[in-house]
Amino acid sequence: MTASLSKTWRKSKYLWLLFLPCLVYFILFRYAPMFGLVITFKNYNTFKGIMASEWVGLKYYRMFLENPDFFLLLRNTFLLGAYKLLFSFPAPIALALLLNEVRTVLFKKFVQTVSYLPHFISNVIVASMVIMFLSPTGGLINQMIKALGFQPINFMMEPGMFRTVYVISEIWQHIGWETIIYLAALTAVDPQLYEAAGIDGANRWRKLWHVTVPGIAPAIVIVFILNVGKVLEIGFEKVFLMYNPATYGTADIISTYVYRVGLEQGNFSYAAAIDLFMGIISLIFIWTANTISRRVGETSLW
């Protein structure tokens, strides 16, 4: 065993050295802070510190489960995450397949560049743009609605419109960046498969369905499994910037609730307990999706 490890080290030592900064980063900023999770079982006091704070066991977990808003928060979080998965996940796949069929190189690069750019815009700017475009007074969308003879709609004050607005903004912001994964997977598809399909009389649609899609299927499955694990991990920033008291009924999610009880009210133990609870649920989601994928399609993360 020692000889084998020594041989592996000599053979790959430079790769390990390149990996070292990444390993140090995860140890310092991902694993070491996990010690702080002990505050979820304590009545954490900033002045006493973690070790001297009173042990309360599962008090904060029971508090969250017994919270009158528990099911509302869970429902809002799950629905927002599920809608995002349902509509945002297939969008970059469709765009990648369309770009793969484009034969004009300049046009293809132009579309790729334009679709990538929103990913680099901060959530603050994106939320401001959404609010500005949907403004009932001077917003572009409402100007178009009034031009068609209809009354303007105050989208940002309508609880039923929040999820739609959020998901559309997510698709616009990230569709180009996420397309990169599938475009990279498309480069690995053997061109001889297209030639063989053409000889068999397949048109472009059949080549797409029977050659291209199966060729990138492993990448699709892996990304899908990762996204399933993020269903309950809706980004805090954009929701926080876009919601308001009028839309709390559909927009208030667990991460915004954690912000209020953790930072605004200073109940760090309660906020940490909620985050750990949701992390465990997300782990169950991703483990279940991975297990089903491995048994059904033989493609999985582990």
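This write-up is about the structure you can find in this document. None of these values were measured; they are calculated from a predicted model.

This next bit is on the nonpolar core. In terms of nonpolar packing, the biggest core is built from 39 residues, with F64, F89, Y182, I254, Y257, Y270 and I274 touching the most fellow members. If you list the elements that add at least two residues to this core, you get α2 (59-65), α3 (70-88), α4 (90-101), α8 (162-186), α10 (204-228), α13 (254-264) and α14 (268-296). What Y270 contacts, discounting residues up to four positions off in sequence, is Y60, M63, F64, N67, Y257 and V261. Among the nonpolar cores identified, the runner-up in size contains 18 residues, and F155, V167, M242 and I253 belong to it.

Turning to α8, a few remarks are in order. Taking 1.5 Å as the rise per residue, α8 with 25 residues should run 36 Å; its terminal C-alpha atoms sit 35 Å apart, in good agreement. Its maximal kink placed at I175, α8 deviates by approximately 50°.

To continue, consider the pairing of strand β2 (residues 49-55). Two elements, strand β1 (residues 42-45) and β2, share three bridges in a ladder whose sense is antiparallel. Across the sheet, residue K42 finds its bridge partner in β2, namely W55. Counted along the chain from β1 to the antiparallel partner β2, the turn is three residues long.

Two elements in contact, helix α9 (residues 191-199) and α10, have axes whose closest approach is 10 Å; the angle formed by their N-to-C orientations is 145°. For the pair α9 and α10, the sense of crossing is right-handed. Here L193, Y194, A197 and G198 of α9 come into contact with α10, specifically with K207, V211 and T212. Here the residues of the contact of α9 with α10 are counted per class, giving four nonpolar, two polar and one charged.

What counts as what
Residues numbered from 1 in each chain as written. Predicted model: local features only at pLDDT ≥ 70, side-chain atom pairs only at ≥ 80, totals over all residues. Heavy atoms only, no water. Core = buried A, V, L, I, M, F, W, Y, C linked by side-chain atoms within 4.5 Å. Buried < 20%, exposed > 50% of the residue type's maximum accessible area, 1.4 Å probe, protein only. Helix = DSSP H or I, 4+ residues; strand = E, 2+ residues; numbered from the N terminus. Contact = heavy atoms within 4.5 Å. Expected span 1.5 Å × (residues − 1). Bend = angle between axes of the 7 residues up to and from the residue. Pairing = 2+ DSSP bridges. Axes fitted to C-alpha atoms, helices over the stretch in contact; angles between N-to-C directions. Left-handed = near helix turned anticlockwise from the far one by under 90°. Nonpolar A, V, L, I, M, F, W, Y, C, P; charged D, E, K, R; others polar.

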